[in-house]
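# Overview (structure and organization)
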Amino acid sequence: MSQSADVGGDPAHRVEVPSAGPSSVDVAAEALCCLFLLAMIAMIAAEAIARNVFGTSLQITDEVGGYLLVALTFLSMSVAESHGAFHRVELVQMRLSPAARMISQIMFDLMALAASGLVTWQLVRLALNSWRAEDVAPTPLATPLWLPQMSMGIGMALLCFALMRSIAAKVRYLRGGAAR
Amino acid sequence: MTPGVELVFILVVFLALLCAGMTIPFAILVPSVLYLLTHAGLAGLKGLGLVSWGSMDSFTLSAIPLFILMAEILQESKLSLRVYRGLSTLVSWMPGGLLQTNIAGCAIFAAISGSSVVTAASIGRVALPELQRRNYSPRLSAGSLAAGGTLGILIPPSIAMIVYGTFTETSVAKLFMAGVMPGLLLTSMFMCYIACHALVQPSVSPIVKKKYSAGEILAAVVDVIPFVVLIGGTIGSIYSGLVTPTEAAAVGCVLAMIIARFWGEFNFAVLKHALQTTVRVCGNILFIVYAAYAFSYAISYAGVGEQITQFLVGLKLSRLEFFGALFVLYTVLGCLVESLGMIVVTVPLLYPVLLQYGVDPIWFGVILVLFIEMGQISPPIGINLFVIQSIWNGKLSDVVTGTIPFHLIMFVLLGLLVLFPDIAMWLPSRVAAGP
């Protein structure tokens, strides 16, 4: 069984993996992402109409559209993790016993947490460097770059938090199984 | 370890983690970070921040969430049901009956959705109960839906093409246009096969001799028209150069909401659900794209990409031998690696070699998408097989067997594209310059 990246709607997982479920932070991040999506539609459609109908341009669409995508990408990661929306190849997993499956999932989550932690460190470092250097975008908006860059660090940190909650849920499930 | 050995090691780690069941974005990100650490220690990670910012701060990639949302709005507002109902009347005269509707429905839904899975799931949910009720061949029913769904990434818009275009800095508008003719050709080939099968073996499709009244045909046209307007609006505006693919996606979302309001069941709850689903799907897809950039950065860090290019060029393969090698590589990978993973892991390595062989990146984009389509219906991990299997009560083996003829048809199209590249390249050469 596999789950592909090219997907929409609810994937049909055959292997059940206990999930911590979305925290209030994930719910807030999801709401924010929904607003970003609506903002993207409004701004980009307005740009297309302004250019083709009125022969003018908003001048900020490419820049702000990019920032919105960055924020959407990184803030939606923890949402996807908490909803179990990341897909996996389940060929091996479906042949494991529940306990072995859970142990392997915890190992995977620990590796993911380590990698995400290192990436978070680098993303926060980038935003802080931009802030210290007072970097601004070379555009009419002259956006301070640390602002959109910080959404990457925050999103990755939220993903780490979601992974920790996921690990805790799986450990609890394992202990519950042992007790049973 | 030499850089080449390190790369092989990392690729093995990637495949091992993927097959063992690690979630796909992490199966790409973890080996990338590991590679940077083994190669240069913590100092190797220092470029990750800038790479992350430089890769994801992209207006072109913004088209991905917007096209996903457009399809979700139409799916949530039950418009896929209407298009299927309309098409079932309009193509009822063809041998194969509702099986033809599966392919035509998938082709139409593919033109508003960038995803094979959304296409297969949207049409499959509507079609399968009806096909089972009317005693159509389960094998052909499931096979036609799984294979028809793959049209989702060939007929524009296509998420796979947006990702490929971003990675190779190729015009997404031209890639979209390059997918149109092969997509239509593949649709026709699928429909011809179903018609021939139904004529040779009538038991696969019950013969319904129903005469539709003019009113029923008009109602069917009204069911399909909204989709035609939406497809014409998005694809037509890209072709005419009025808008970029990203702008077409945004305008398409607005149009989808208007159409859903008047033709479907659209309200705030539907919009909210479509937005939430889009965010969760994007969390997965965009993370894969991001992880792929990290992977690409990792392999370029030590100049391994250049070494691989030099090695492959040094083999002095003829163009035909090179294509043969690519054919074997992608056929095998299609069985092991999921769709976007296949693009993001191979393209950064192979793209420079393609340029050395004078391969047109637009044409190769279409070929790559066709390979991905085949991968999506190839056991053991073909996603569309499982999507269809999760919707109906039949056996997985029936879905797999049902897709085999469609798989062979895809190979035929692949051969045609190699022999006659203009099938893909004719339309892009006529695209008006975009804004």
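The shown structure was predicted, so the numbers you read here are calculated from the model rather than taken from an experiment. (Residues numbered from 1 in each chain as written. Chains lettered and ligands numbered in written order. Predicted model: local features only at pLDDT ≥ 70, side-chain atom pairs only at ≥ 80, totals over all residues. Heavy atoms only, no water.)

## Observations regarding the overall build of chain B
- When its secondary structure is counted, chain B shows 20 helices and 0 strands.
- The C-alpha radius of gyration of chain B comes to 22 Å, within 12% of the 22 Å expected for a compact globule of 435 residues.
- Projected onto its principal axes, the C-alpha positions of chain B cover 75 × 45 × 40 Å.
- When contacts within chain B are restricted to residue pairs at least 6 apart in sequence, long-range pairs at least 24 apart make up 82% of them.
- About 15,300 Å² of surface is accessible on chain B, with carbon and sulfur atoms providing 69% of the total.
- Across chain B, the centroid of the 19 positively charged side chains sits 11 Å from that of the 17 negatively charged ones. (Helix = DSSP H or I, 4+ residues; strand = E, 2+ residues; numbered from the N terminus. Rg over C-alpha atoms; globule rule 2.2 N^0.38 Å. Contact = heavy atoms within 4.5 Å. Areas by Shrake-Rupley, 256 points an atom, 1.4 Å probe, with all protein chains shown as cover. Lys, Arg positive; Asp, Glu negative; His and termini not counted. Charge placed at Lys NZ, Arg CZ, Asp CG, Glu CD.)

## What to know about the environment of Thr 38 of chain B
Residue and element names in this part refer to chain B.
- Inspection of the secondary structure puts Thr 38 in helix H2 (residues 24–40).
- The spacing of Thr 38 and Ala 214 is 176 residues in sequence and 71 Å in space, taken between C-alpha atoms.
- At 2.9 Å, the side chain of Thr 38 forms a polar contact with the backbone oxygen of Tyr 35. (Polar contact = N/O pair within 3.5 Å; in protein donor to acceptor, adjacent residues only side chain to side chain.)

## Some thoughts on the interface of chain A and chain B
- The interface is formed by 69 residues belonging to chain A together with 74 residues belonging to chain B.
- In this structure, the connection of chain A to chain B is made through 2 salt bridges.
- Between Arg 280 of chain B and Glu 30 of chain A there is a salt bridge, with the nearest N and O atoms lying 2.8 Å from each other.
- At the surface where chain A touches chain B, the tally comes to 11 residue pairs in polar contact (both at pLDDT 80 or more).
- It is helix H2 (residues 61–82) of chain A that contributes the most residues to the side of chain A that touches chain B, 16 residues altogether.
- Broken down by class, the residue content of the side of chain A that touches chain B amounts to 41 nonpolar, 18 polar and 10 charged. (Salt bridge = Lys/Arg side-chain N within 4 Å of Asp/Glu carboxyl O. Nonpolar A, V, L, I, M, F, W, Y, C, P; charged D, E, K, R; others polar.)

## Regarding the packing of aromatic side chains
Residue and element names in this part refer to chain B.
- Counted under the stated rule, the structure contains 19 aromatic pairs over all chains.
- Pairing Tyr 330 with Phe 364 gives two aromatic rings, centres 6.4 Å apart and planes at 55 degrees, and the pair type is tilted. In this pair, Tyr 330 sits in helix H15 (residues 319–336) while Phe 364 sits in helix H17 (residues 361–376), placing the two residues 34 residues apart along the sequence.
- On the basis of relative accessibility, which here comes to 1%, the residue Tyr 330 falls in the buried class.
- Aromatic rings pair up to connect Tyr 164, Phe 327, Tyr 330, Phe 364, Phe 371 and Phe 411 into one cluster. (Phe/Tyr/Trp six-rings, centres within 6.5 Å; stacked < 30°, edge-to-face > 60°. Buried < 20%, exposed > 50% of the residue type's maximum accessible area, 1.4 Å probe, protein only.)

## Concerning the confidence of the model for chain A
- This prediction gives chain A a mean pLDDT of 88; 89% of its residues lie at or above 70.
- Note on residues 1–13 of chain A: pLDDT under 50 across the span, and 66 contacts to partners over four residues away in sequence or across chains. (pLDDT = per-residue confidence, 0-100.)

## Quick word on unusual backbone geometry
Residue and element names in this part refer to chain B.
- With omega at 0 degrees, the peptide bond leading from Pro 156 into Pro 157 counts as cis.
- Secondary-structure assignment places Pro 157 in the loop between helix H8 (138–149) and helix H9 (159–168).
- The phi angle at Asn 135 is positive, at roughly 65 degrees, despite the residue not being glycine.
- Of note, Asn 135 is situated in the loop between helix H7 (116–133) and H8.

## Quick look at the side chain of Ser 32 of chain B
All names here are of chain B.
- Note that Ser 32 resides in helix H2.
- Here Ser 32 falls in the buried class, since its relative accessible area comes to 1%.
- A distance of 2.6 Å separates a polar side-chain atom of Ser 32 from the backbone oxygen of Ile 28.
- Of the polar contacts made by the side chain of Ser 32, one reaches the backbone nitrogen of Phe 295; its length is 3.5 Å.
- Setting aside chain neighbours within four positions, we find Ser 32 in contact with Ala 291, Ala 294, Phe 295 and Ala 298.

## Observations concerning the side chain of Glu 81 of chain A
- By the secondary structure assignment, Glu 81 of chain A is in helix H2.
- Lys 170 of chain A provides the closest opposite charge to the buried, unpaired Glu 81 of chain A, separated from it by 5.2 Å.

## A word on helix H5 (residues 79–90) of chain B
All names here are of chain B.
- Here H5 spans 17 Å end to end across 12 residues, near enough to the 16 Å set by a 1.5 Å rise per residue.
- By the criterion of burial, H5 is predominantly enclosed, with 9 of the 12 residues buried.
- Taken together, the buried positions of H5 are occupied by Leu 79, Ser 80, Arg 82, Val 83, Tyr 84, Gly 86, Leu 87, Ser 88 and Thr 89. (Expected span 1.5 Å × (residues − 1).)

## Points about helix H19 (residues 396–419) of chain B
Residue and element names in this part refer to chain B.
- For H19, which comprises 24 residues, the first-to-last C-alpha distance of 35 Å matches the rise-based estimate of 34 Å (1.5 Å per residue) to within 8%.
- Most pronounced at Ile 404, the bend in H19 amounts to some 35 degrees, and the proline Pro 405 follows within four residues.
- Looking at H19, one finds that the buried residues are Asp 398, Val 399, Gly 402, Thr 403, Pro 405, Phe 406, His 407, Ile 409, Met 410, Leu 413, Leu 414 and Leu 417. (Bend = angle between axes of the 7 residues up to and from the residue.)

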